[in-house]
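Commentary on secondary and tertiary structure
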Amino acid sequence: MSLLIADTTREEREAIVRESLGNIEADCDGCMAGLAEMYQDYIDGKMEIRDINMAFQARYVKGDMDREERSSCSMF
């Protein structure tokens, strides 16, 4: 199954994100909601998952995340 925007509908992309993240309603100081928001451009058909992940990873590795943007979730 292809996850590319060209090969999926909006509904399929919503399901992919929902299934990938698990219970996005879970409460971990809002970290799951933040993850769901991170993939909104994919759901909207604006940006592929790999590009979102690469942008997040580059930002994290580069150290551009200031303290206010960091999640308080112990998972990150």
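Quick caveat: nothing in here was measured; it's all calculated off a predicted structure.

A closer look at the overall build of the chain
From N to C terminus, the chain includes four helices and zero strands. Reading the secondary structure of the chain in the N-to-C direction produces α-α-α-α. The buried share of the chain, reckoned over its 76 residues, is 24%. Across the chain, every contact between residues at least 6 apart in sequence was considered, and the portion connecting residues at least 24 apart equals 50%. As displayed, the chain offers around 5,800 Å² of accessible surface, 51% of which is attributable to carbon and sulfur atoms.

Describing the pattern of salt bridges
Tallied over the full model, the rule gives two salt bridges. Across the salt bridge formed by Arg10 and Glu14, the nearest N and O atoms sit 3.5 Å from each other. Note that Arg10 and Glu14 are positioned in helix H1 (residues 10-21) at a spacing of four residues, about one turn of the helix. When its relative accessible area of 35% is taken as the criterion, Arg10 is described as partly exposed. Between Asp44 and Arg10 there is a salt bridge, with its nearest N and O atoms 2.6 Å apart.

Concerning the nonpolar core
In a soluble, globular protein the nonpolar side chains are often hidden away together inside. Residues Ile5, Ile16, Val17, Leu21, Leu35, Ala36, Tyr39, Tyr42, Ile43 and Ile52 constitute the largest nonpolar core, which totals ten residues. Residue assignment for this core shows that the elements contributing at least two residues are H1, helix H2 (31-38) and helix H3 (40-43). When residues of this core are assigned to their parent elements, the largest contribution, three residues, is made by H1.

Thresholds applied
- Residues numbered from 1 in each chain as written.
- Predicted model: local features only at pLDDT ≥ 70, side-chain atom pairs only at ≥ 80, totals over all residues.
- Heavy atoms only, no water.
- Helix = DSSP H or I, 4+ residues; strand = E, 2+ residues; numbered from the N terminus.
- Buried < 20%, exposed > 50% of the residue type's maximum accessible area, 1.4 Å probe, protein only.
- Contact = heavy atoms within 4.5 Å.
- Areas by Shrake-Rupley, 256 points an atom, 1.4 Å probe, with all protein chains shown as cover.
- Salt bridge = Lys/Arg side-chain N within 4 Å of Asp/Glu carboxyl O.
- Core = buried A, V, L, I, M, F, W, Y, C linked by side-chain atoms within 4.5 Å.

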